[in-house]
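Now for the letters of each chain:
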Amino acid sequence: DLKPLFDTILEYIPAPEADVDAPFQMLVSSIDYNEFVGRIGIGRIERGTVRQNQEVIVCDYHDPSIKKKEKVVALYEFTGLGRSPIQQASAGEIVAFSGISDITIGRTLCDLETVEPLPFVKISDPTIEMTFSVNDSPFAGREGKYVTSRNLRDRLQRELLKDVSLHVTEMGTDAFNVAGRGEMHLSILIETMRREGFELSVGRPEVILKKDENGKTLEPIEHLYVDCDEVFMGVVTDKINQRKGRMLNCTNNGTGRVRLEFSVPSRGLIGYRDEFLTDTKGTGIMNSYLEGYEEWRGDFPTRYSGSIVADRPGNAVAYALFNLEPRGTLFVEPGDPVYEGMIVGEHNRDNDIDVNATKEKKLTNLRAAGKDENVILTPVKKMTLEHALHFVREDELVEVTPLSLRLRKVELSAQKRYQMAG
């Protein structure tokens with residue numbers, strides 16, 4: 001069992017040094033939400049002791065104007081994966097508390113007589129935004145439990161209560177602009193919502209730009225760390241350079257692996273993780289953090305291919321898909337339901353084409369050996385959520401349901417798209 005490990009920890013790692021008798025002080029490092037008690041603050045007590053129903057001062061290191069008296073109504077300690085109510089807690093303990101409705105990360109709870117806010121790293125602004133909208137495809141409501149704009153609005157408002165780095169703005173009645181700290185932040189929210197039974201349509205992630213005092217456009221820049229085998233160094237460097245990245249450092253330890261550092265625009269990393277794992281055969285490791293804002297580094301192509309779009313509803317047929325294979329990579333299998341405007345594949349060329357994926361082979365009186373061989377199809381490319389978000393263009397959406405991920409055009413009618421293009 002793990003008893004020898006725990007004994008070693010107790011023997012060699014010193015206990016936290018904290019003054020239990022000093023005035024109470026605690027920094028809120030995380031928040032949660034409960035429908036019964038509202039917002040819950042979580043943090044470690046730096047010094048002193050706190051008791052249930054104790055009055056405290058809430059203050060902020062970065063905003064001296066915030067200084068108000070509140071009451072800690074309930075205290076909880078963590079027991080396994082759950083929380084248990086307690087009467088008091090002392091310095092060094094990690095606790096949760098309720099009773100302060102507008103508590104947020106970074107606030108300090110202090111004793112009434114000693115108001116000393118603790119310093120913390122300020123939460124950075126969102127860098128990526130996406131449009132969440134009601135699913136209005138012909139398949140809407142088939143697989144999900146929550147499909148209306150009211151369901152979507154309530155769910156996003158609930159998320160705001162426990163995610164302080166998320167920003168939500170209403171755009172009309174059926175769409176919401178959701179801004180977060182990176183593509184992964186938003187894709188985790190989408191994946192959580194689909195598992196809860198939500199259906200929604202999401203647009204392509206876009207970076208949030210700023211203007212400096214001279215009117216120049218600034219974009220978010222990430223500091224990227226890459227650890228990969230030496231043989232993959234060339235392809236990784238080439239892909240990052242195409243995305244307007246700049247190499248800052250290269251370390252070769254002589255072990256066959258290299259450590260690379262890049263400065264790369266946030267928009268260049270949208271959807272790159274899947275490509276990176278493919279390029280490094282699953283052995284590469286990449287991490288990044290927001291470095292700041294720099295001047296716009298110029299445009300670069302995000303996708304060299306067009307879309308293969310179904311022009312009528314029905315079920316995909318093997319005969320039709322077999323004849324479409326030379327045109328590009330397909331996303332649907334025989335028997336999959338399709339509708340007009342649904343993207344069924346990636347075109348080899350940079351333009352979109354409308355196709356009939358439901359076309360069946362015409363029956364004739366002719367029967368001959370070798371005339372009706374079985375159609376053998378190449379395995380389809382199954383989209384992950386991250387890959388789908390990266391794949392879609394400005395005029396396309398990802399339809400997210402609990403059971404499926406589908407790509408579609410914003411305007412489903414092939415005739416209207418043709419008129420708009422003309």
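Quantities reported herein were computed from a predicted structural model and do not represent experimental measurements.

Novice: How would you explain the overall build of the protein if you had to name every residue and give the values?
Specialist: Looking only at helices and strands, the protein has 9 helices and 28 strands in total. Each principal axis of the C-alpha atoms in the protein carries an extent, and together these give about 95 × 65 × 55 Å. Evaluated residue by residue, the protein yields a buried proportion of 43% over its 422 residues. In the protein, 70% of the contacts between residues at least 6 apart in sequence involve partners at least 24 apart. Carbon and sulfur atoms form 51% of the exposed surface of the protein, whose accessible area is close to 23,000 Å². Seen as two clouds, the 53 positive and the 67 negative side-chain charges of the protein have centres 5 Å apart.

Novice: Outline the environment of Asp63, listing residues and values.
Specialist: Of note, Asp63 is situated in the loop between β4 (54–60) and β5 (67–72). Overall, the relative accessible area of 30% leaves Asp63 in the partly exposed class. Along the sequence, Asp63 and Asn252 sit 189 residues apart, while their C-alpha atoms lie 45 Å from each other. Polar side-chain contacts of Asp63 include one of 2.6 Å to the side chain of Ser65.

Novice: Outline the state of the cysteines, listing residues and values.
Specialist: Counting across every chain of the model gives 0 disulfides. Looking at the unpaired Cys59, the closest cysteine sulfur is the one in Cys110, lying at 3.7 Å.

Novice: How would you summarise the nonpolar core if you had to cite specific residues and measurements?
Specialist: With 29 residues, the main nonpolar core has Phe132, Val202 and Leu407 as its most contacted residues. Those residues within four positions of Phe132 in sequence are excluded, and the remaining contacts are Leu152, Leu156, Asp174, Ala175, Phe176, Val178, Leu189, Ile190, Met193, Leu200, Ser201 and Val202. Core analysis: the second largest hydrophobic core is formed by 18 residues, Val50, Val72, Ile103 and Leu109 among them.

Novice: Lay out the pattern of salt bridges with the relevant residues and their values.
Specialist: Following the criterion strictly, the structure yields 30 salt bridges and no others. Residue Arg406 is joined to Glu143 by a salt bridge in which the shortest nitrogen-to-oxygen separation is 3.0 Å. With Arg406 in strand β28 (residues 405–409) and Glu143 in the loop between β11 (128–133) and α2 (149–162), the pair connects residues that are 263 residues apart, well separated along the chain. By relative accessible area, which is 9% here, Arg406 ends up buried. Across the pair Asp227 and Arg257 runs a salt bridge whose closest N-O atoms are separated by 2.7 Å. Of this pair, Asp227 sits in strand β17 (residues 217–229) while Arg257 sits in strand β19 (residues 257–265), placing them 30 residues apart in sequence.

Novice: Tell me what's going on with the pairing of β28, and back it up with residues and numbers.
Specialist: Burial within β28 is extensive, with 4 of its 5 residues counted as buried. Relative to β28, strand β25 (residues 342–347) runs antiparallel, the two being bridged by 2 bridges. Bridging from a neighbouring strand, Met342 pairs with Arg408 of β28. The pairing of strand β27 (residues 396–400) with β28 spans 5 bridges and is classified as antiparallel. The residue of β28 that forms the bridge with Val398 is Leu407. If you look at the hairpin formed by β27 and β28, you'll find 4 residues sitting between the two strands.

Novice: Explain the environment of Gly38 residue by residue, including any values.
Specialist: Locating Gly38 in the fold gives a position in strand β2 (residues 38–47). Separated by 228 residues in the primary sequence, Gly38 and Ser266 place their C-alpha atoms 35 Å from one another. Contact partners of Gly38, with chain neighbours within four places excluded, come to Asp32 and Tyr33.

Novice: Any chance you could break down unusual backbone geometry for me, citing the residues and the numbers?
Specialist: Its identity as a non-glycine residue notwithstanding, Asn53 has a phi of 65°, on the positive side. Its location among the elements puts Asn53 in the loop between β3 (49–51) and β4. The backbone of Lys244 sits at a positive phi, close to 65°, despite the residue not being glycine. One can find Lys244 in the loop between α4 (233–242) and β18 (246–252).

Novice: Now, about the packing of α4 against helix α6 (residues 272–279): what can you tell me, with residues and values included?
Specialist: One can describe the packing of α4 onto α6 by two numbers: an axis separation of 10 Å at closest approach and a directional angle of 160°. Judged by the angle between their axes, α4 and α6 are roughly antiparallel. Viewed along their axes, α4 and α6 form a crossing whose handedness is right-handed. Along the contact surface, α4 presents Val235, Val236, Lys239 and Ile240, while α6 presents Tyr272, Glu275, Phe276 and Asp279. Here the residues of the contact of α4 with α6 sort into 5 nonpolar, no polar and 3 charged.

Definitions and cut-offs
Residues numbered from 1 in each chain as written. Predicted model: local features only at pLDDT ≥ 70, side-chain atom pairs only at ≥ 80, totals over all residues. Heavy atoms only, no water. Helix = DSSP H or I, 4+ residues; strand = E, 2+ residues; numbered from the N terminus. Buried < 20%, exposed > 50% of the residue type's maximum accessible area, 1.4 Å probe, protein only. Contact = heavy atoms within 4.5 Å. Areas by Shrake-Rupley, 256 points an atom, 1.4 Å probe, with all protein chains shown as cover. Lys, Arg positive; Asp, Glu negative; His and termini not counted. Charge placed at Lys NZ, Arg CZ, Asp CG, Glu CD. Polar contact = N/O pair within 3.5 Å; in protein donor to acceptor, adjacent residues only side chain to side chain. Disulfide = S-S within 2.5 Å. Core = buried A, V, L, I, M, F, W, Y, C linked by side-chain atoms within 4.5 Å. Salt bridge = Lys/Arg side-chain N within 4 Å of Asp/Glu carboxyl O. Pairing = 2+ DSSP bridges. Axes fitted to C-alpha atoms, helices over the stretch in contact; angles between N-to-C directions. Parallel < 35°, antiparallel > 145°, perpendicular 65-115°, else oblique. Left-handed = near helix turned anticlockwise from the far one by under 90°. Nonpolar A, V, L, I, M, F, W, Y, C, P; charged D, E, K, R; others polar.

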